Amino acid sequence: MRKKVFLTGMFSLLLAFVMLVSACKSDDDDSSSSNNGGGGNSLLGTWVNDLDVDNNLNRAMIFTDSVITGTTAKVAYSVSLASTGDHNVTGMDTVIPIGASAPQGAGNYVVANLAADQFTLKAYASPVAPAVTAGDVVFKRGTGTTGSGLRGIWVSDVTNTDSAFTILVIGGLSGKKVWSAHAGSAEVANYQISVDAGTNDPVISWNTGTSIPYTYNIISSTPTLSIPPPGGGGGIALRLFNNSPTF
């Protein structure tokens, strides 16, 4: 009888030890996932420098696993978004102001075919050389963002080398504020993320270039990035833009 009680006690202690070790390993795995995105791509989605799209927006980076017409991981980005006014209605048309060079006059582009995840700008053309031939261009919602009507972060499917006007943000409490890449250019880069074998820190490579460290954290339930932009320079601070309460 004593032998059975002793064996039962030993088995219970062993089981408790195994459960304790498993719990500790699970905690470690969660911490690793939080810092480095685990085995997935923690960068997927739309990132901005400020969640206040009424007043302080300037930078945007939109990471995808694929480009519209391909399979390579891409980021569409702008580090010089500028407010271009409010969208409005002229006659029967909804118009978006994105620069005085727009062919519709007074800097307005006409919106057509508005759907939940895309819309068309009529007679779209870039004012910078080499100029895009004027034509209808489809804009699609930024990865991971939602909205109603024109509210949203949008990326055009223009694929030539002149990529001005490819990012638009229409949001704010009124749903009319328009930010665009008109003040600079929106660009597209290939990217690849991995973990540095020596430091175990996350790194990113732009256009198959040198791997550069970046920092991914979660602060007050909001994922944050400090990441060097594809064009070079020091890290920029961004926050994941997804169902923001001010949008």
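What counts, and at which threshold
- Residues numbered from 1 in each chain as written.
- Predicted model: local features only at pLDDT ≥ 70, side-chain atom pairs only at ≥ 80, totals over all residues.
- Heavy atoms only, no water.
- Helix = DSSP H or I, 4+ residues; strand = E, 2+ residues; numbered from the N terminus.
- Buried < 20%, exposed > 50% of the residue type's maximum accessible area, 1.4 Å probe, protein only.
- Contact = heavy atoms within 4.5 Å.
- Areas by Shrake-Rupley, 256 points an atom, 1.4 Å probe, with all protein chains shown as cover.
- Polar contact = N/O pair within 3.5 Å; in protein donor to acceptor, adjacent residues only side chain to side chain.
- Pairing = 2+ DSSP bridges.
- Phe/Tyr/Trp six-rings, centres within 6.5 Å; stacked < 30°, edge-to-face > 60°.
- pLDDT = per-residue confidence, 0-100.
- Core = buried A, V, L, I, M, F, W, Y, C linked by side-chain atoms within 4.5 Å.
- Salt bridge = Lys/Arg side-chain N within 4 Å of Asp/Glu carboxyl O.

**Overview of the overall build of the protein**
Scanning the protein for helices and strands turns up one helix and 18 strands. Each of the 247 residues in the protein was classed as buried or not, and the buried ones make up 38%. Here the analysis covers contacts within the protein between residues at least 6 apart in sequence; of these, 45% occur between residues at least 24 apart. In the structure as shown, the protein presents an accessible area of about 13000 Å², 55% of it carried by carbon and sulfur atoms.

**Details of the side chain of D50**
Secondary-structure assignment places D50 in the loop between β1 (45-48) and β2 (60-64). Among the polar contacts listed, one links the side chain of D50 to the backbone nitrogen of D52, at a separation of 2.8 Å.

**A few points about the sheet that holds strand β18 (residues 236-240)**
The strand order β15-β14-β13-β3-β2-β1-β18-β17-β16 describes an open sheet built from nine strands, whose pairing is antiparallel. Whereas interior strands pair on both sides, the edge strands pair on one side only; in this sheet they are β15 (212-213) and β16 (215-219). Of the pairings in the sheet, the one linking β1 to β2 comprises four bridges and is antiparallel in character. By the bridge assignment for β2, V48 is matched with A60.

**With respect to the packing of aromatic side chains**
The tally for this structure, following the rule as stated, stands at six aromatic pairs. With a centroid separation of 6.2 Å and an interplanar angle of 25°, the aromatic rings of F63 and W206 are classed as stacked. Residue F63 is found in strand β2, and its partner W206 is found in strand β14 (residues 202-206); the two are separated by 143 residues along the sequence. According to the relative accessible area criterion, F63 is buried, its value standing at 0%.

**Describing the confidence of the model for the protein**
In regions of low pLDDT, the predicted coordinates are not meant to be interpreted in detail. In the predicted model, the protein carries a mean pLDDT of 73, and the fraction of residues at 70 or more is 66%. Counting contacts from residues 243-247, a segment whose pLDDT is below 50, to residues more than four positions away or on other chains yields 17 contacts.

**With respect to the environment of L168**
With respect to the element layout, L168 can be found in strand β11 (residues 167-171). Classification of L168 by relative accessible area gives buried; the value is 0%. Considering only alpha carbons, one finds L168 and G152, 16 residues apart in sequence, at a separation of 8.2 Å. Discounting residues that sit within four places of it in the chain, L168 has contacts with I98, F119, L121, F139, G152, I153, W154, W179 and S180.

**Let's talk about the nonpolar core**
As a rule of thumb, nonpolar side chains are buried together in soluble globular proteins. Residues M61, F63, V75, I204, W206, L225 and I227 are the most contacted members of the largest nonpolar core, which totals 17 residues. Elements with a minimum of two residues in this core: β2, β3 (74-78), β13 (187-195), β14, β17 (222-227) and β18. Those residues in contact with I227 that lie beyond four places of it in its chain are L43, M61, F63, I204, W206, Y214, G234, G235, I236 and L238. Ranked by size, the runner-up nonpolar core spans 16 residues in total, among them V53, L57, V155 and A181.

**Here's the deal with the pattern of salt bridges**
One pass over the full model with this rule turns up one salt bridge. A salt bridge links R239 to D50, with the nearest nitrogen and oxygen atoms 3.9 Å apart. A residue pair is termed long-range when its members are at least 10 positions apart, and R239 in strand β18 and D50 in the loop between β1 and β2 qualify at 189 residues. By relative accessible area, which is 31% here, R239 ends up partly exposed.

**Structural notes on unusual backbone geometry**
The phi dihedral of N200 is positive, around 65°, even though this residue is not glycine. Counting through the fold element by element, N200 comes out in the loop between β13 and β14. Phi angles above zero are rare outside glycine, and S220 is one such case at about 50°. Within the secondary structure, S220 is located in the loop between β16 and β17.

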